[in-house]
Amino acid sequence: MRRKAEAGPPANGTMEFSKDKKIIFSGVQPSGNLTIGNYLGAIKNFGLFQETYNCLYCVVDMHAITVRQDPAELRRRTYETLALYMASGLDPEKNVLFVQSHVPAHAQLGWVLDCFTMFGELSRMTQFKDKSAKNAQNINAGLFTYPSLMAADILLYQVDLVPVGIDQMQHIELTRDIANRFNQIYSDTFKVPEAYIPKTGMKINSLADPTKKMSKSDENQNACVYLLDDRDTIIRKFKRAVTDSDTVVKSAPEKDGINNLMTIYSCFTGKTFEEIEREFDGRGYGDFKLAVGEACADALSPLQTEFHRLMNDKAYLETVMKNGSDYASYLANKTLSKVYRKVGFIAK
Ligand code: ATP
Ligand code: LTN
C-alpha cells in the first residue's frame, strides 16, 4: 500500500503563511469577562506583529474547563473573545484566529507531552498552586497538566515568539524544557520558543489590592476594569481604586497603587512616567484617577463599538473560526505526524 500524499493547505481560506516570516502564537481563556490586564498584557500587543510575522491567536476553551464553567456562558465567551481579538485590531485575513477545541491536534499532542512532563515540574507551577487554593473542591488532573497542553498549543506550530503577560513566564520556560527534552531524545522536532513580555503592561494589578494581579476570575467586580465596562463604570472604578495615603503623583517602590495607575495611564496614553509626574505636578490623586479613567474609557470606546457590531454577526464569526481552524489544523497535523512517527506510533 502506498502512503497518502501530505495534504496541502485548505482551499477555502485566503491565508497562507510566508516561508521567511517568523511565527507567533498566543491564547486567551474564555473563562470570564476580559479585563484591561488581558488587554494591556497580551491582546493589545498581538496586533503589533500582524504585518511582520505569521501569527496564530487561539481562544483556549479546553484550558478554560480546568475550572468549572457554565456551558452556555463558555460558548458565549468563546464568541466574545474572538470578537475582542478582532475589535482590538486583529485582521482575520492576516492572522489565523481559531478556537482550540476545533483543532484536535492540541489534545493529541497534549497527551504525548504529558508523558514528557514530570510530576515535580507541574507541582512547582505557581498558577497551579494559586488555582488549587482558590478551587479546593475541584483540584482536577486537567488543572495539574494545564502547562503540558499549553506547551502543545505552542510547539505544534514551530513558534518563535509567544506574547504573554509576566505571569505566564513560568509556563513558557516549562514549554522550552519540554521541547528541549523531546528534541534530545528524538532529534530536532520542535522549535524552542521565546516569550515576548511587554515592558509596560506585563502585570496590571487589581484596583482593590494593588499587590495582586488583576484577574478576570476575581469575584470582586471592583478589582477589575472589564473591556466591556461602560464609561461611567470605568471612571467610578478608578475613582475607588486603592492607593496609599500620600497625595503626590510620583512613582516609588512601595506605592503599589499609584505605580499601577501610572502603568495603566502610560499604556493608554503612551506617556512616560516622567511625563505623567510633570503633568500632575501640584495636583492630587483625585485629578489623576479621573484622568486615568477618562483615558481608559476613551481608548476602549472604539473597541467596544466594533465588538458589538461583530457580535451581531455570528455567521461571520463562525466563518472566521472555521477558516482559522482549517488552516491551523493543516499546520498542526504536520508537527503531530512527525511526533507520532518519532515516538513509534504506526502511520494510518
Ligand atoms: P484567569 O483569571 O481565568 O486565570 P487571567 O485573567 O489570568 O484568567 P488568561 O486567559 O489566563 O487571563 O490570560 C490571557 C493573557 O492575559 C495571558 O497572556 C496573561 O499573561 C495575560 N494577563 C492576564 N492577566 C494579566 C494582568 N493582570 N496583567 C498583564 N497581563 C495579564
Ligand atoms: N495559559 C495561558 C493561556 C494560554 C496560552 C497558551 C498563552 C493557553 N495556551 C499558549 C500563550 C500560548 C494563561 O493562562 N494565561
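One structure accompanies this document, and this report is about it.

## Points about the environment of leucine 48
The residue leucine 48 is located in the loop between helix H1 (36–46) and strand S2 (54–59) in this model. A relative accessible area of 55% places leucine 48 in the exposed class. In this structure, the C-alpha to C-alpha distance between leucine 48 and glycine 324, residues 276 residues apart in sequence, is 19 Å.

## Notes on empty space enclosed by the protein
Counted under the stated rule, the structure contains two cavities of 30 Å³ or more. Space inside the largest cavity adds up to approximately 40 Å³. As for the largest cavity, its lining consists of Gly32, Asn33, Leu34, Arg77, Glu80, Thr81, Leu84 and Leu228. The class makeup of the residues in the lining of the largest cavity is three nonpolar, three polar and two charged. Along the walls of the second largest cavity sit Gln127, Phe128, Leu143, Tyr146, Pro147 and His171, which together make up its complete lining. Those elements that place two or more of their residues in the lining of the second largest cavity are helix H6 (126–134) and helix H7 (141–155). Of the residues assigned to the lining of the second largest cavity, the class counts are four nonpolar, two polar and no charged.

## Let's talk about the packing of aromatic side chains
The final tally for this structure, using the stated rule, is 21 aromatic pairs. A ring pair is formed by phenylalanine 46 and tyrosine 57, whose centres lie 4.3 Å apart and whose planes are at 10°; its orientation type is stacked. Within this pair, whereas phenylalanine 46 is found in helix H1, its partner tyrosine 57 is found in strand S2, the two being separated by eleven residues in sequence. Both residues of the pair, phenylalanine 46 and tyrosine 57, belong to the buried class. Between phenylalanine 49 and tyrosine 53, the aromatic rings sit 5.4 Å apart at their centres with planes inclined by 90°, giving edge-to-face as the arrangement. The aromatic ring of tyrosine 79 is capped on one face by lysine 314, whose charged end is 5.0 Å from the ring centroid.

## Thoughts on the site of ligand 2
Taken together, the neighbourhood of ligand 2 is formed by 14 residues, with Gln29, Tyr146, Met150, Asp153 and Gln168 sitting nearest. The separation between an oxygen atom of ligand 2 and a polar side-chain atom of tyrosine 146 is 2.6 Å. A distance of 3.0 Å separates a nitrogen atom of ligand 2 from a polar side-chain atom of glutamine 168. When ligand 2 is considered free in solution it has 370 Å² of accessible area, and contact with the protein chains removes 91% of it. Of the pockets mapped on this structure, ligand 2 occupies the second largest pocket. When contributions to the shell around ligand 2 are tallied by element, the ones reaching two or more residues are strand S1 (23–28) and H7. Looking at the shell around ligand 2, the element that brings in the most residues is H7, giving four residues. Counted by class, the shell around ligand 2 contains seven nonpolar, six polar and one charged residues.

Parameters and conventions
Residues numbered from 1 in each chain as written. Chains lettered and ligands numbered in written order. Predicted model: local features only at pLDDT ≥ 70, side-chain atom pairs only at ≥ 80, totals over all residues. Heavy atoms only, no water. Helix = DSSP H or I, 4+ residues; strand = E, 2+ residues; numbered from the N terminus. Buried < 20%, exposed > 50% of the residue type's maximum accessible area, 1.4 Å probe, protein only. 1 Å grid on protein atoms, 1.4 Å probe; cavity = no way out; pocket = protein on both sides within 12 Å on 5 of 7 lines; lining within 4 Å. Points joined across faces, edges and corners; volume = space filled by probe spheres on them. Nonpolar A, V, L, I, M, F, W, Y, C, P; charged D, E, K, R; others polar. Phe/Tyr/Trp six-rings, centres within 6.5 Å; stacked < 30°, edge-to-face > 60°. Lys NZ or Arg CZ within 6 Å of the ring centre and 35° of its normal. Near = heavy atom within 4 Å. Polar contact = N/O pair within 3.5 Å; in protein donor to acceptor, adjacent residues only side chain to side chain. Areas by Shrake-Rupley, 256 points an atom, 1.4 Å probe, with all protein chains shown as cover. Sits in = over half its atoms within 2 Å of the grid points.

Purely spatial values, then, with no claim about function.
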